[in-house]
Amino acid sequence: MPELPEVETVKRGLAPSMEGSVIKQVELRRADLRFPFPDHFAKDLTGSKIHALGRRAKYLLVELDIGKTLIMHLGMSGSFRIETTGNNSEPGQFHHDKSKNPKHDHVVFQLSNGSTQTAVIYNDPRRFGYMDLIKSSELQDHRYFAKLGIEPTGNSLSGTVIAELFAGKAAPLKSALLDQSLIAGLGNIYVCEILWRSRLSPERKAATLVAKNGRATGRAEDLAIHTRDVIREAIEAGGSSLRDHRQADGSLGYFQHSFDVYDQEGEKCHRVGCKGTIERIVQSGRSTFLCPNCQI
Ligand SMILES: [Zn+2]
């Protein structure tokens, strides 16, 4: 399941082919993905020009010149493939990915930019992804975005902000970090990594990171720093692997990370000097990986 860094990587992979292009045709091979496509979806998109690609939490935002924004969510298994013809001489871009079953190609965007014709193909075997088209002026208040918390990228996430968000919260720290209304875009994998790096137990109450006077504790400051670092490093890893990651056929898959704690049950803790062993517990029905020796 793609998490925020993967979605950011997909955005960066798509941007050079999509930004500045005109959508010539939209081919919908089904009436729905996870949800039905909105009425007149293909017709409304046809003829519009793509200004810019953006991202909010795990949503891809395609800003169009018609005052609307195309919203795309990859769900569990969504991915894109880029096929370019025309004057583009880059080798190897005009091949179908044989490992990808074309029966799961559900949406094809035919794009034109000067003499370059590009097809951006959305493939999604499990069909938990979805697309929508909403007025750009209504984005912030839209139900997808209105309740989203702050982004874990950039400098906005600080110890002070975490203290404000977690004050009075009896929920386990892991649940608080996964709560999209507090911090948007953190998923199970990276939350495990962040907590390990912060030496914090996923089971500790979120409010224990807040001092009695409401200020941030040192632990809250550490958590903010490690959250930003883990996400930034994952995005950078995705960016640097983008060339490999974008296969010869132009498909954008997801990169493999090396994790310190996620999916490492039974392995020795990676922290220098720690003699602990990584354990797996279940919280709210989901696996949590931790080192009980150094995460307190
Ligand atoms: Zn450890």
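Residues numbered from 1 in each chain as written. Predicted model: local features only at pLDDT ≥ 70, side-chain atom pairs only at ≥ 80, totals over all residues. Heavy atoms only, no water.

Draft legend 1. Molecular detail of the pattern of salt bridges. This structure, assessed with the given rule, holds 14 salt bridges. Of the charged contacts in the structure, one is a salt bridge between Arg-12 and Glu-8, with a shortest N-O distance of 2.8 Å. Taken as a pair, Arg-12 and Glu-8 lie in helix 1 (residues 4-18) at a separation of four residues, close to a single helical turn. Arg-12 gets classed as partly exposed once you look at its relative accessible area, which sits at 41%. Across the pair Glu-233 and Arg-197 runs a salt bridge, and its minimum N-O distance is 2.8 Å. Here Arg-197 lies in helix 5 (residues 188-197) and Glu-233 lies in helix 6 (residues 218-240), a separation of 36 residues in the sequence. Beyond isolated ion pairs, a larger network of salt bridges with shared partners links Glu-8, Lys-11, Arg-12, Arg-55, Arg-56 and Glu-151. (Salt bridge = Lys/Arg side-chain N within 4 Å of Asp/Glu carboxyl O. Helix = DSSP H or I, 4+ residues; strand = E, 2+ residues; numbered from the N terminus. Buried < 20%, exposed > 50% of the residue type's maximum accessible area, 1.4 Å probe, protein only.)

Draft legend 2. Region of the structure containing the sheet that holds strand 4 (residues 68-73). Reading across from one edge, 2-3-4-8 is the order of the four strands in this open sheet, with antiparallel pairing throughout. Whereas interior strands pair on both sides, the edge strands pair on one side only; in this sheet they are strand 2 (50-56) and strand 8 (130-135). If you compare each strand with its neighbour and ignore which way they point, the axes differ by 20° on average. For strand 2 and strand 3 (residues 59-64), the ladder comprises six bridges, and the chain directions are antiparallel. Bridge pairing in strand 3 links Arg-55 to Leu-60. Sitting on the sheet, helix 1 is in contact with strand 2 and strand 3, with an inclination near 175° to strand 2. (Pairing = 2+ DSSP bridges. Axes fitted to C-alpha atoms, helices over the stretch in contact; angles between N-to-C directions. Contact = heavy atoms within 4.5 Å.)

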